[in-house]
Amino acid sequence: MNQNVFDDPRITAVGLLVEAHAGLSARFAAQLEEHGLSPVEFEVLTRLARSPGNQLRMTDLAAQTSLSTSGVTRVVDRMERDGLLCRRACPSDRRSSYAVVTATGLARLDETLPGHLQIIEQWFTGQLEPAALEALLDGLRRVRDAVHPGATAGSTPAGEPTAAGC
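My aim in this report is to walk through the structure given alongside it, one point at a time.

Calculation notes
The residue numbers shown here count from 1 along each chain, following its written sequence. The predicted nature of this model means local features are confined to residues of pLDDT at least 70 and side-chain atom pairs, given and counted, to a pLDDT of 80 or more, with totals for whole chains, interfaces and linings taken over all residues. Values shown for side chains rest on all heavy atoms present in the structure; no hydrogens or waters enter the calculation. Here a strand is any run of E in DSSP of at least two residues, a helix any run of H or I of at least four, and the numbering for each starts at the N terminus. Helix span, as expected, comes to 1.5 Å for every residue beyond the first. Remark: exposure states derive from per-residue accessible area (1.4 Å probe, protein chains only) relative to the maximum for the residue type, with buried under 20%, exposed over 50%, and partly exposed in between. By arc we mean the arc of the directions from the helix axis to the C-beta atoms, nothing more. For two strands to pair, DSSP has to find at least two bridges joining them. Between the N-to-C directions of two axes lies an angle of 0 to 180 degrees, each axis being a line fitted to C-alpha atoms and, for a helix, fitted only over the stretch in contact. Site definitions follow a grid-based scheme: protein atoms alone, a 1 Å grid, a 1.4 Å probe that fits but cannot get out for cavities, and for pockets an open set with protein on both sides within 12 Å along at least five of seven lines, plus lining residues having an atom within 4 Å of a point. Grid points are joined across faces, edges and corners, and a volume is the space filled by probe spheres set on the points. Note on residue classes: Ala, Val, Leu, Ile, Met, Phe, Trp, Tyr, Cys and Pro are nonpolar, Asp, Glu, Lys and Arg are charged, and everything else, Gly too, is polar. Note that patches include only residues with greater than 30% relative accessible area and no salt bridge, and the join distances are 9 Å for like charges and 5 Å for nonpolar side chains (Val, Leu, Ile, Met, Phe, Trp, Tyr). Note on areas: Shrake-Rupley, 1.4 Å probe, and residue coverage restricted to the protein chains presented here. In what follows, salt bridge is the name for a side-chain nitrogen of Lys or Arg lying within 4 Å of a carboxyl oxygen of Asp or Glu. Under this scheme an angle from 65 to 115 degrees is roughly perpendicular, one under 35 degrees roughly parallel, and one over 145 degrees roughly antiparallel; angles in between are oblique. Should any heavy atoms of two residues lie within 4.5 Å, those residues are considered in contact. Side-chain atoms alone can form a polar contact between residues adjacent in sequence; in general such a contact is a pair of N or O atoms within 3.5 Å, and within protein one must be able to donate a hydrogen while the other accepts it.

1. Re helix 4 (residues 69–81)
Line of reasoning, step 1. The terminal C-alpha atoms of helix 4, which comprises 13 residues, lie 18 Å apart, in line with the 18 Å expected from a rise of 1.5 Å per residue.
Line of reasoning, step 2. Those residues of helix 4 lying buried are Gly71, Val72, Val75, Val76 and Met79. Taken end-on, helix 4 shows its buried residues confined to a sector of 130 degrees, consistent with a single buried face. Exposed side chains of helix 4 directed beyond 90 degrees from the buried face belong to Arg74 and Arg81.

Next comes the structure, spelled out in structure tokens:
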């Protein structure tokens, strides 16, 4: 085998991405554990909080995360028991339901975010000049959209009422 193949910048790019992700994930997991959240629970809370009405259809939540629909159901069940989320029936489609962040879930995010943002600044965005960060964000969006086209499913208002009644 030709040794020069291992110097291919494509291998280097993926390797660096994997290494950076692993390093950041370890730091995030330790910080999230201090607040009683797993990385997937934090991701679910964040995705819901950033969505219109602090809610997403369960299928859209599955599309936006790395979870299957059954995996999302298990996580939402657990988070609902902990009071972080609630479910609400979709008024226009009886087969669908929404996962909605509760006041308790939003409070947990408020407690967790300062430390999370500090880690992001120290170990990720703070390592880059503004132009480099902008270029990285553009590149990551392109790759994300190519490999995970459902990543933003349900993130635009669909005209459904908010879930204030949970």
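Past the structure itself, the notes keep going.
2. Concerning the sheet that holds strand 1 (residues 55–57)
Line of reasoning, step 1. Reading across the sheet, the 3 strands line up as 1-3-2 and stay open at both edges, with antiparallel pairing between neighbours. The open sheet is flanked by strand 1 and strand 2 (85–89), the only strands paired with a single partner. Put simply, the sheet's adjacent strands are angled 25 degrees from each other on average, direction ignored.
Line of reasoning, step 2. Relative to strand 3 (residues 97–101), strand 1 runs antiparallel, the two sharing 3 bridges. Pairing of Arg57 across the sheet is with Tyr98, part of strand 3.

3. Details of the layout of surface pockets
Line of reasoning, step 1. Space inside the largest pocket adds up to approximately 2300 Å³.
Line of reasoning, step 2. Counting residues per element, the ones that place at least two in the lining of the largest pocket are helix 1 (9–33), helix 2 (39–49), helix 5 (103–123) and helix 6 (130–147).
Line of reasoning, step 3. With 11 residues, the top contributor of residues to the lining of the largest pocket is helix 1.
Line of reasoning, step 4. Taken together, the residues of the lining of the largest pocket break down into 26 nonpolar, 14 polar and 5 charged.

4. Quick look at a nonpolar patch on the surface
Line of reasoning, step 1. A surface patch of nonpolar side chains, amounting to about 260 Å² of accessible area, comprises Val5, Phe6 and Ile11.
Line of reasoning, step 2. By secondary structure assignment, the location of Ile11 is in helix 1.
Line of reasoning, step 3. Overall, Ile11 belongs to the partly exposed group, its relative accessible area being 43%.

5. So, the packing of helix 2 against helix 4
Line of reasoning, step 1. The contact between helix 2 and helix 4 brings their axes to 11 Å, and the two run at 85 degrees. Looking at the two axes, helix 2 sits roughly perpendicular to helix 4. Contacts between helix 2 and helix 4 involve Val40, Glu41, Val44 and Leu45 from the first element and Val75, Arg78 and Met79 from the second.
Line of reasoning, step 2. For the contact of helix 2 with helix 4, the class distribution of residues is 5 nonpolar, no polar and 2 charged.

6. Remarks on the environment of Thr46
Line of reasoning, step 1. Topologically, Thr46 is positioned in helix 2.
Line of reasoning, step 2. Residues Thr46 and Gly154, 108 residues apart in the sequence, show an inter-C-alpha distance of 14 Å.
Line of reasoning, step 3. A polar atom in the side chain of Thr46 sits 2.8 Å from the backbone oxygen of Phe42.

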